[in-house]
Amino acid sequence: MHDRSMHIDFKTLNTVLPFVIRSRTPVLIRARHGVGKSELAKSYDRKVASILYPDAGERQRAYGDANYVYPIVERRASQMADAGDLCGLPFQEGETTTFRPMKWFYEACIKPCILFVDEIDRGNQDVRQAFFELTDSRKIAGHTLHPDTIIIACVNGGTGDNAYQVGEMDPAEISRWAVFDAQPSVQDWIDWANDKVNHKIVDFIRNNNKFLEHSGEFEPNKVYPSRRSWVRFNRAVGDSDLLRSKDSGDLFQLYHVANAYLGHETAVTFQEFIKEYKNMVTVEDILEGRLQKAKELDINQHMTLIDKIADCKELQAELAVFEGSELKSIDSKLVNLAHYLLMIPRELVMSLWVKVTEKNGMNGAGIYKVKTDTGEVGNYIAEIQGAL
């Protein structure tokens, strides 16, 4: 496996891709299977127009619509039989012939779109050779891409990665792309999954990072967890009673469904997690003032709970109202959160307060003003801040 220290997570990748897109350079994203490469690439359908033309008036002139959404023209290089699938078909015109482009390529030539090429390193050699002209001169057989069409490709292979049966790219081929070796972080997945995947599954990953995806060598024919398989598992059980029931029969079924998607080790651990889930301290427990449940948590469990609080959408709303510097009203949820702040290890206090403040500055200020028997919570925060 190759050095992951040179990889880029999705959060950072999204900050640098606009620079490459503005240059119209083809983008090549290399990463493990099932991490969300294709979804990330396709998510730019609503971003590219604003990247190329930040001003709404410019977008109106360029596209005829200030809210233009880029169509996705998708091709799998691995399914192309030969270079003809790129070049098109010969057509006789008098004494000569010309190539008529394939419909998908014609669309990329006449209107701005994202030309998404998947598995290019699994294509036949002549197909990949045909892509040379497209990724360098933006044309094939005399037909030129629209000036604002963007090329994005995704592959599994990379430098030193021998886990995949893919073709190697020689220096001439690789030089035509802006290449990103991506390794999305666990937090990337949690941020994405928060409103798309059952909260119990997200909580499991938050508490058991190593089960999100397999690292290390792969044994042939063995089922391993991946970001893709967790999403598919969620589709199977996310809305079912299997994640709510403590019945032994339902837990038995849950194991077998999980085993099918995630493999034995992950399925066993997930089954036990769901069995004990009722005993876990939740964000709701904290916001509703059930703090007694949190008294026995160790520092690692508090850290996990703080991360869950940071992801809580309720705290995006403004729960504290100020008139000037005076606190006029505060939601009981913030008061309870302030009392939780007083009971966690001192070294975690700033982490919790900063994360709440980043969600909504007024909420952080509100917690600062909460009064207790020993004075304002803000004095405690200031004391810890001064000691850092």
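It is worth spelling out the nonpolar core at this point. Of all hydrophobic cores here, the largest spans 33 residues; its most connected members are Ile-309, Leu-315, Leu-337, Tyr-340, Leu-341, Leu-352 and Ile-367. Counting residues per element, the ones that place at least two in this core are α14 (283-287), α15 (299-310), β10 (320-323), α16 (332-343), α17 (346-359) and α19 (377-387). For this core, the element with the most residues is α17, which contributes 6 residues. Excluding residues that lie within four positions of it along the chain, Leu-315 makes contacts with Leu-287, Ile-309, Leu-334, Leu-337, Val-356, Lys-359, Asn-360 and Asn-363. Counting residues in each nonpolar core, the second largest holds 28 residues, with Val-27, Val-35, Val-48 and Tyr-63 among its members.

A separate point is helix α1 (residues 10-23). Taking 1.5 Å per residue, 14 residues should reach 20 Å; α1 reaches 20 Å between its end C-alpha atoms and fits that length. The largest bend in α1 is about 35 degrees, located at Val-16, with the proline Pro-18 one to four residues further on. Residues of α1 that are buried: Phe-10, Leu-13, Leu-17, Pro-18, Val-20 and Ile-21. Elements that come into contact with the buried residues of α1 comprise β1 (27-30), α2 (37-42), α3 (48-52), β8 (150-155), β9 (178-181) and α9 (186-193). The backbone nitrogen of Lys-11 lies 3.3 Å from a side-chain oxygen of the residue at the head of α1, namely Asp-9. Two residues or fewer past α1, Arg-24 is found with a positive phi of approximately 65 degrees.

Under the defined criterion, the tally for this structure stands at 17 aromatic pairs. Centre to centre, the rings of Trp-104 and Phe-105 are 5.8 Å apart; their planes meet at 75 degrees, and the pair counts as edge-to-face. Here Trp-104 matches Phe-105 in class, with each residue buried. Cluster of aromatic residues (ring-pair linked, three or more members): Phe-204, Phe-211, Trp-230, Phe-233, Tyr-261, Phe-270, Phe-273 and Tyr-277. Taking the ring centre of Phe-19 as reference, the NZ or CZ of Arg-22 above it sits at 5.2 Å. Positioned above the aromatic ring of Tyr-44, the side-chain terminus of Lys-47 is 4.4 Å from the ring centre.

One pass over the structure, following the stated rule, counts 0 disulfides. Free cysteine: Cys-113, not disulfide-bonded; nearest cysteine sulfur from Cys-109 at 8.4 Å. No disulfide involves Cys-154; its sulfur sits 15 Å from the nearest other cysteine sulfur, which is in Cys-113. Residue Cys-154 is classed as buried on the basis of its relative accessible area of 1%.

Let us now look at the pairing of β1. Alternating residues of β1 divide into Val-27 and Ile-29 and Leu-28 and Arg-30, and every residue in both groups is buried. Sheet topology note: the β1/β8 ladder contains 4 bridges and is parallel. Each residue of the ladder has a partner; that of Val-27, found in β8, is Ile-152. Of the pairings in the sheet, the one linking β1 to β9 comprises 4 bridges and is parallel in character. Paired with Ile-29 across the strands is Phe-180, a residue of β9.

Let us now look at the pattern of salt bridges. Under the definition given, this model contains 21 salt bridges. Note that Lys-333 is salt-bridged to Glu-314, the shortest N-O span being 3.8 Å. Separated by 19 residues along the polypeptide, Lys-333 in helix α16 and Glu-314 in the loop between α15 and β10 bring together distant segments of the chain. Ionic contacts of the salt-bridge type, sharing partners, join the residues Asp-203, Arg-206, Lys-308 and Asp-311 into one network.

Now for the packing of helix α10 (residues 199-207) against helix α13 (residues 264-275). The geometry of α10 relative to α13 is characterised by a closest axis approach of 11 Å and an angle of 115 degrees between their N-to-C directions. By the angle class used here, α10 and α13 are roughly perpendicular. For the crossing formed where α10 meets α13, the hand is right-handed. In this structure, α10 uses Lys-200, Ile-201, Asp-203, Phe-204 and Asn-207 to contact α13, whose residues at the interface are Thr-266, Thr-269, Phe-270, Phe-273 and Ile-274.

To continue, consider unusual backbone geometry. Here the phi dihedral of Ala-141 falls at roughly 50 degrees; this positive angle occurs in a residue that is not glycine. Take Ala-141: it is sitting in the loop between β6 (139-140) and β7 (143-144). Accessibility expressed as a relative area gives 33% for Ala-141, which makes it partly exposed. At Asn-221, a position not held by glycine, the phi torsion is positive, near 70 degrees. By secondary structure assignment, the location of Asn-221 is in the loop between α10 and α11 (227-237). Since its relative accessible area comes to 82%, Asn-221 is described here as exposed.

Relative to strand β4 (residues 96-100), strand β3 (residues 89-93) runs antiparallel, the two sharing 5 bridges. Across the sheet, the residue bridging to Leu-89 is Arg-100, located in β4. In textbook terms, the turn of a hairpin is the stretch between consecutive antiparallel strands, and for β3 and β4 this stretch comprises 2 residues, one of which, Gly-94, has a positive phi near 65 degrees.

In this section: the sheet that holds β1. Overall, parallel pairing links the 5 strands, which are arranged β2-β5-β8-β1-β9 in an open sheet. A single partner strand is all that each edge strand has here, and the edge strands are β2 (72-76) and β9. Direction aside, neighbouring strands of the sheet carry axes that sit 20 degrees apart on average. Pairing of strand β5 (residues 114-118) with β8 involves 5 bridges; the strand directions are parallel. Of the residues in β8, the one forming a bridge with Phe-116 is Ile-152.

Basis of the calculations
- Residues numbered from 1 in each chain as written.
- Predicted model: local features only at pLDDT ≥ 70, side-chain atom pairs only at ≥ 80, totals over all residues.
- Heavy atoms only, no water.
- Core = buried A, V, L, I, M, F, W, Y, C linked by side-chain atoms within 4.5 Å.
- Buried < 20%, exposed > 50% of the residue type's maximum accessible area, 1.4 Å probe, protein only.
- Helix = DSSP H or I, 4+ residues; strand = E, 2+ residues; numbered from the N terminus.
- Contact = heavy atoms within 4.5 Å.
- Expected span 1.5 Å × (residues − 1).
- Bend = angle between axes of the 7 residues up to and from the residue.
- Polar contact = N/O pair within 3.5 Å; in protein donor to acceptor, adjacent residues only side chain to side chain.
- Phe/Tyr/Trp six-rings, centres within 6.5 Å; stacked < 30°, edge-to-face > 60°.
- Lys NZ or Arg CZ within 6 Å of the ring centre and 35° of its normal.
- Disulfide = S-S within 2.5 Å.
- Pairing = 2+ DSSP bridges.
- Salt bridge = Lys/Arg side-chain N within 4 Å of Asp/Glu carboxyl O.
- Axes fitted to C-alpha atoms, helices over the stretch in contact; angles between N-to-C directions.
- Parallel < 35°, antiparallel > 145°, perpendicular 65-115°, else oblique.
- Left-handed = near helix turned anticlockwise from the far one by under 90°.

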